[in-house]
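Here's the letter readout for the chains.
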Amino acid sequence: MTDLLTQARALIPVVIAAGEIELEYFRHGAEVTDKLDGSPVTLADQEAEKLIAEKLHALFPGIPMVGEESVASGTIPDISGGTFWLVDPLDGTKEFITGSGDFTVNIALLKNFIPVMGIIYTPVANELYFGADGEAFMRLQDKPEQKISVRETPAGGMTVMASKRHGDTARLEDLLRGKKVAQMINRGSSLKFCSIAAGQADFYPRLGPTCEWDTAAGDAILRAAGGHVTTLDGQPLAYGKTGRKFLNPEFLAFSGK
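Numbering of residues starts from 1 in every chain and runs along the sequence as written. For this predicted model, a pLDDT threshold of at least 70 governs which residues receive local features, and a threshold of 80 or more governs which side-chain atom pairs are given and counted, while totals over whole chains, interfaces and linings are taken from all residues. Neither water nor hydrogens contribute to the side-chain values; these are computed over all heavy atoms in the structure.

Side note on the overall build of the protein
Stage number 1. Secondary structure follows DSSP: runs of H or I at least 4 residues long count as helices, runs of E at least 2 residues long count as strands, and numbering of each begins at the N terminus. The helix and strand inventory of the protein stands at eight helices and 14 strands.
Stage number 2. Taken over C-alpha atoms, the radius of gyration is set against a globule rule of 2.2 Å times the number of residues to the power 0.38. Taking 18 Å as the expected radius of gyration for a compact globule of 257 residues, we find that the protein reaches 17 Å, a close match to that expectation.
Stage number 3. Once the C-alpha set of the protein is aligned to its principal axes, its extents read approximately 50 × 40 × 40 Å.
Stage number 4. Any residue under 20% of the maximum accessible area for its type is buried, any over 50% is exposed, and the rest in between are partly exposed; the area is computed with a 1.4 Å probe on protein chains only. Relative to its full complement of 257 residues, the protein shows a buried share of 53%.
Stage number 5. Working rule for contacts: check all heavy atoms of both residues, and any pair within 4.5 Å makes them a contact. For the protein, the proportion of contacts with a sequence separation of at least 24, taken over those separated by at least 6, is 63%.
Stage number 6. Under the convention used here, a 1.4 Å probe and the Shrake-Rupley method define accessible areas, while residue burial counts only the protein chains that appear. Surface accessibility of the protein: about 11,300 Å² in total, with carbon and sulfur atoms responsible for 52%.
Stage number 7. Charge centroids of the protein, computed over 25 positive and 33 negative side chains, lie 5 Å from each other. Two residue types count as positive, namely Lys and Arg, and two as negative, namely Asp and Glu; His and chain ends fall outside the count. Note on charges: their place is set at NZ of Lys, CZ of Arg, CG of Asp or CD of Glu.

In structure tokens form, the structure reads like this:
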């Protein structure tokens with residue numbers, strides 16, 4: 001088995017290829033349907049996940065994949081061994097549908113039910129983030145990759161990331177009461193994790209529902225960059241919750257410095 005960063009780099013062409021599928025639909029439109037839980041899905045989600053599943057099977061045979069769209073269709077592999085992929089082929093479907101560029105391709109590898117490697121690609125901006133083994137990297141457009149890490153919270157106050165479409169404003173204000181906040185930035189998808197990992201923000205409280213495929217890649221990258229993701233009572237996010245349909249509790253992502 002190759003080291004985790006080598007595996008992450010092997011996935012760069014995969015997330016870019018999935019992103020190219022999504023860009024084609026993003027530019028020309030994609031029919032939107034509703035899944036059983038009422039959330040939207042497009043052909044871009046489904047075709048990107050199909051490509052990712054095929055590539056993961058070819059590159060890393062024997063490791064099961066949990067994908068958002070395959071779970072929605074009732075397909076859940078045996079992940080009792082604790083090593084598996086968590087894939088969100090198009091994180092931020094609502095952003096995609098409304099014409100915002102804040103959508104991403106997310107792939108995470110879990111071992112012992114812990115996210116140990118993650119890769120996130122945003123097709124519109126052509127930005128790539130990945131991390132494992134205590135190292136995280138960012139590649140902007142076609143520039144060389146650069147190492148990233150979380151920052152010390154600035155003396156002037158922290159930058160808080162918030163969801164564009166989810167969350168309780170009153171609860172968020174209550175959570176931030178007494179904390180020195182310099183600015184609030186609203187972004188879609190897993191890019192909020194990436195902003196903290198890259199030292200551009202400090203805190204992302206998620207007071208609303210998510211699923212494991214929404215968070216695993218960002219969790220892995222943020223951990224590799226020196227940050228943390230915990231539940232509201234300070235426990236690490238748990239993964240592999242088949243009995244709970246992979247639903248996450250509310251959580252806090254932060255630099256930890």
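Some points on unusual backbone geometry
Stage number 1. Within the chain, Phe113 stands out as a residue other than glycine whose phi angle is a positive 65°.
Stage number 2. Relative to the assigned elements, Phe113 resides in the loop between strand E5 (104–111) and strand E6 (114–122).
Stage number 3. Residue class for Phe113 comes out partly exposed when judged on its relative accessible area of 30%.
Stage number 4. One non-glycine residue with positive phi stands out, namely Asn126, at about 55°.
Stage number 5. Following the sequence through the fold, Asn126 ends up in the loop between E6 and strand E7 (127–132).
Stage number 6. The class for Asn126 is buried, based on a relative accessible area of 19%.

Quick notes on the packing of helix H2 (residues 12–28) against helix H3 (residues 43–59)
Stage number 1. Look at H2 against H3: their axes get within 9 Å of each other, and the N-to-C directions meet at 165°. What the angle tells us is that H2 and H3 run roughly antiparallel. The two elements H2 and H3 meet at a crossing, and its hand is right-handed. From H2, Val14, Ala17, Ala18, Ile21, Glu22 and Tyr25 reach across to H3, where they touch Leu43, Ala44, Glu47, Ala48, Leu51, Ile52, Lys55 and Leu59.
Stage number 2. In this classification, Asp, Glu, Lys and Arg are treated as charged, Ala, Val, Leu, Ile, Met, Phe, Trp, Tyr, Cys and Pro as nonpolar, and every other residue, Gly included, as polar. For the contact of H2 with H3, the per-class residue count stands at eleven nonpolar, no polar and three charged. Axes, fitted as lines to C-alpha atoms, cover a helix only where it is in contact. Angles between the N-to-C directions of the axes lie from 0 to 180 degrees. Any angle that is under 35 degrees is reported as roughly parallel, and any over 145 degrees as roughly antiparallel; angles of 65 to 115 degrees are reported as roughly perpendicular and all others as oblique. Put simply, a crossing is left-handed when the front helix is turned counterclockwise from the back one by less than a right angle, and right-handed when it is turned clockwise.

Thoughts on the side chain of Asn106
Stage number 1. One can find Asn106 in strand E5.
Stage number 2. A relative accessible area of 0% means that Asn106 is categorised as buried.
Stage number 3. Here a polar contact means two N or O atoms within 3.5 Å. Within protein one must be a hydrogen donor candidate and the other an acceptor candidate, and residues neighboring in sequence count only if both atoms are side-chain atoms. In terms of polar contacts, Asn106 uses its side chain to reach the side chain of Asp91, at 3.3 Å.
Stage number 4. A polar contact is formed between the side chain of Asn106 and the side chain of Thr104, at a distance of 2.8 Å.
Stage number 5. In this structure, Asn106 is in contact with Leu86, Val87, Asp88, Asp91, Ile119, Ile120, Ser190, Trp213, Asp214 and Ala217, ignoring residues within four places of it in sequence.

Here's the deal with the nonpolar core
Stage number 1. Val66, Leu86, Tyr129, Ile196 and Leu222 are the most contacted members of the largest nonpolar core, which has 36 residues in total.
Stage number 2. Looking at this core, the elements that each hand over two or more residues are strand E4 (84–91), E5, strand E8 (135–140), helix H7 (191–197), helix H8 (212–224) and strand E14 (251–254).
Stage number 3. Counting residues per element, this core draws most heavily on H8, at six residues.
Stage number 4. Excluding residues within four positions of it along the chain, Tyr129 makes contact with Gly118, Ile119, Ile120, Phe137, Met138, Leu140, Ile148, Leu191, Cys194, Ala198 and Ile221.
Stage number 5. Residues grouped as a nonpolar core are buried Ala, Val, Leu, Ile, Met, Phe, Trp, Tyr and Cys residues, joined through side-chain atoms within 4.5 Å. One finds Leu4, Val15, Ala44 and Phe60 within the second-largest nonpolar core, a separate group that totals 33 residues.

As far as function goes, none of this settles anything; it's purely spatial.
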